[in-house]
Amino acid sequence: MTREDASGMREAGDLHAPAHAPHGSELHSHGDFAPLFVGARRRELDELLTRYPTKMATLLPALWMVQQERGWVSDAAMAEVAAALDLTPAYVKGVVTFYTMYHQHPVGKYFIQVCTTSPCNVCGAEDVVDALLRHTGCQELGQTSADGKYTVIEVECLGACGFATPIMINEEFIESVTPENVAGLLAGRS
Ligand code: FES
């Protein structure tokens, strides 16, 4: 289990993941993987299993539990989920790698997705990307800022083509972003 300190950072497991944010790293990189599905989390998974017709059907929410707790889904976590749901690690990995919302490596506390598909692109999405990289300190797309706060990526259509440029900061959806209002959107995110 992880514990929170006064700053909201987790003591074990996450470098940059406060309890409310699904972004950080995991205590596993040197074989010290701490199983997630023990105690209350195991009971949560067991309760989840009662709501689905098969164990396999519980895979997506089980992976989401991992990501919410650990910030990303490591190979070790995939193996744990596979064992809990009687699946193979390869099957679980296939699902994790199919859905882009699952992180396969640690990301910043604020994970920012920017639509750069054609309709948004012609409305200036690239300038929004440039502003986000500049204001977050991220060196390039997909790279986490040195302070661990931000990761910015490009994504395909976010379904708000009439409100270019839409972005998502974690689960928050924000429309009509311009280079000029990027700083304001990031202000106050500690
Ligand atoms: S093309 Fe950007 S939201 Fe659809």
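Refer to the structure above for everything that follows.
For every chain, the first residue of the written sequence is number 1, and numbering continues from 1 onward in sequence order. The model is predicted, so local features are restricted to residues of pLDDT at least 70 and side-chain atom pairs to those at 80 or more, both for listing and for counting; the totals for chains, interfaces and linings are taken over all residues. Hydrogens and water are ignored here; the side-chain numbers use all heavy atoms of the structure.

**What about the overall build of the chain?**
So, point 1. If you tally the helices and strands in the chain, you get 7 helices and 4 strands.
So, point 2. Helix and strand definitions follow DSSP, with helices as H or I runs of at least four residues and strands as E runs of at least two, each counted in order from the N terminus. Going residue by residue from the N terminus, the α and β elements of the chain occur as α-α-α-α-β-α-α-β-β-β-α.
So, point 3. Three exposure classes are used, based on accessible area relative to the maximum for each residue type with a 1.4 Å probe and protein chains only: buried under 20%, partly exposed in between, and exposed over 50%. A burial count over the chain gives 44% of its 190 residues as buried.
So, point 4. Carbon and sulfur atoms make up 56% of the accessible area of the chain, which amounts to about 9600 Å² in all. The Shrake-Rupley method, run with a 1.4 Å probe, gives the accessible areas here. Residue values count only the displayed protein chains as cover.

**A short note on the sheet that holds strand S3 (residues 167-169)**
So, point 1. Taken together, 4 strands build an open sheet; the order of strands is S2-S1-S3-S4 and the sheet is mixed. Among the strands making up the open sheet, the edge pair consists of strand S2 (150-155) and strand S4 (172-174). Taking the axes of each pair of neighbouring strands and ignoring which way they run, one obtains an average angle of 20 degrees across the sheet. In this scheme, strands are said to pair when DSSP sees at least two bridges between them. To obtain an axis, a line is fitted to C-alpha atoms, over the contacting stretch when the element is a helix, and the angle between two such axes runs from 0 to 180 degrees between their N-to-C directions.

**Regarding a negative patch on the surface**
So, point 1. On the surface, Glu126, Asp127, Asp130, Glu154, Glu156 and Glu180 cluster together into a patch of negative charge.
So, point 2. Element by element, the count of residues in the negative patch is highest for helix H6 (residues 125-136), at 3 residues.
So, point 3. Among the structural elements, Asp130 can be located in helix H6. Each patch is built from residues that are more than 30% exposed by relative accessible area and take part in no salt bridge. Like charges join if they lie within 9 Å; nonpolar side chains (Val, Leu, Ile, Met, Phe, Trp, Tyr) join within 5 Å. Salt bridges are defined as contacts in which a side-chain nitrogen from Lys or Arg sits within 4 Å of a carboxyl oxygen from Asp or Glu. Working convention for charge: Lys and Arg count positive, Asp and Glu count negative, and His plus the chain ends are omitted. Positions of charges follow a simple convention, taking NZ of Lys, CZ of Arg, CG of Asp or CD of Glu.

**Some points on the environment of Ala82**
So, point 1. Among the structural elements, Ala82 can be located in helix H3 (residues 75-84).
So, point 2. By relative accessible area, which is 1% here, Ala82 ends up buried.
So, point 3. In what follows, residue pairs with any heavy atoms lying within 4.5 Å of each other are defined as contacts. Ignoring anything within four residues of it in the chain, the contact list for Ala82 reads Leu87, Thr88, Pro89 and Val92.

Take it as geometry only, folks, not as evidence of what the structure does.
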